Amino acid sequence: ESVGAAVQSHLPQLLETFRQGNASELRRASLSLLSAALRHGLLNPRDAVPELMAALSDSDSSCRAFAQESLTKIHARRPSFVTTRFVQGLVLALDATSDKYAHIVLPALARTYTKLILPDATARICVLRSIVALFAEAPLSAATASSLLMWLHSKRRAVRLLALLPASSQEDPLFLLY
């Protein structure tokens with residue numbers, strides 16, 4: 001019981017270590033501890049989804065593979081956990097992605113969407129609406145040209161990701177974006 005309390009009290013630092021850690025060994029160890037916390041019920045899987053989505057942006061392929069496997073397991077047990085936290089994780093992943101790794105990360109995020117979200121029409125519509133809602137916060141009311149350009153620049157990866165997502169039919173909301 002005391003070990004569980006210790007892990008839970010340090011979980012925020014653990015997650016921060018994963019996102020900010022410079023050494024891939026440290027990030028892998030953080031993911032391993034995250035996995036143990038999930039396995040032993042010390043962390044709600046719903047709360048792990050954004051962090052696992054962020055791990056899809058890791059430069060280390062073993063971290064990305066581990067994150068994909070964990071997301072698939074969570075989705076198999078509780079699909080709504082992945083659906084409801086997908087966009088929060090997407091934002092973390094896109095924020096953590098450097099231009100150097102965008103060509104790896106964006107397809108990984110698109111594969112996750114295709115595998116876990118696309119087959120369920122309700123989940124697909126929920127996630128796509130949430131992605132499109134990211135653009136609703138544009139500083140249009142008192143926007144200067146430079147602030148609008150900065151806002152658009154910050155959304156470029158989300159736009160590139162939307163371009164990679166498959167539309168399943170002409171009725172798909174994503175089809176309208178094309």
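In the block above lies the structure referred to throughout.
Residues numbered from 1 in each chain as written. Predicted model: local features only at pLDDT ≥ 70, side-chain atom pairs only at ≥ 80, totals over all residues. Heavy atoms only, no water.

A. Representation of the packing of helix α4 (residues 61-77) against helix α5 (residues 79-96) in the model. At their nearest, the axes of α4 and α5 sit 5 Å apart, and the two run at 120° to each other. When the axes of α4 and α5 are compared, the pair comes out oblique. For the pair formed by α4 and α5, the contact residues are Leu71, Ile74, His75 and Arg77 on the first element and Pro79, Phe81 and Val82 on the second. Of the residues contributing to the contact of α4 with α5, the split by class is 5 nonpolar, 1 polar and 1 charged. (Axes fitted to C-alpha atoms, helices over the stretch in contact; angles between N-to-C directions. Helix = DSSP H or I, 4+ residues; strand = E, 2+ residues; numbered from the N terminus. Parallel < 35°, antiparallel > 145°, perpendicular 65-115°, else oblique. Contact = heavy atoms within 4.5 Å. Nonpolar A, V, L, I, M, F, W, Y, C, P; charged D, E, K, R; others polar.)

B. A look at the pattern of salt bridges. Inspection of every chain in the model, using the stated rule, returns 5 salt bridges. Where Asp60 meets Arg28, a salt bridge forms, and the shortest distance between an N and an O atom there is 2.2 Å. On the criterion of sequence distance, the pair formed by Asp60 in the loop between α3 (45-55) and α4 and Arg28 in helix α2 (residues 24-39) is long-range, its members being 32 residues apart. Note on Asp60: relative accessible area 11%, which makes it buried. When its relative accessible area of 34% is taken as the criterion, Arg28 is described as partly exposed. Linking Arg85 and Asp47 is a salt bridge whose minimum nitrogen-to-oxygen distance equals 3.1 Å. Here Arg85, found in helix α5, pairs with Asp47, found in helix α3; they are 38 residues apart in sequence, far enough to count as distant. For Asp47, a relative accessible area of 34% puts it in the partly exposed group. (Salt bridge = Lys/Arg side-chain N within 4 Å of Asp/Glu carboxyl O. Buried < 20%, exposed > 50% of the residue type's maximum accessible area, 1.4 Å probe, protein only.)

C. Quick look at the side chain of Thr112. Inspection of the secondary structure assignment puts Thr112 in helix α6 (residues 102-117). Those residues within four positions of Thr112 in sequence are excluded, and the remaining contacts are Met53, Leu56, Gln68, Leu71, Phe86 and Ile117.

D. Structural context of the nonpolar core. Residues Leu52, Met53, Phe86, Leu109, Tyr113, Ile117 and Leu165 are the most contacted members of the largest nonpolar core, which totals 42 residues. Considering each element in turn, this core owes the most residues, 8 residues, to α6. Ignoring anything within four residues of it in the chain, the contact list for Leu109 reads Met53, Leu56, Phe86, Leu90, Ala93, Leu94 and Leu161. (Core = buried A, V, L, I, M, F, W, Y, C linked by side-chain atoms within 4.5 Å.)

E. Examining α4 more closely. Taking 1.5 Å per residue, 17 residues should reach 24 Å; α4 reaches 25 Å between its end C-alpha atoms and fits that length. If you check which residues of α4 are buried, you get Cys63, Arg64, Ala67, Gln68, Ser70, Leu71, Ile74 and His75. Buried residues of α4, viewed axially, fall in a sector of 165°; they line one side. In α4, the exposed positions angled more than 90 degrees off the buried face are occupied by Ala76 and Arg77. (Expected span 1.5 Å × (residues − 1). Arc of directions from axis to C-beta.)

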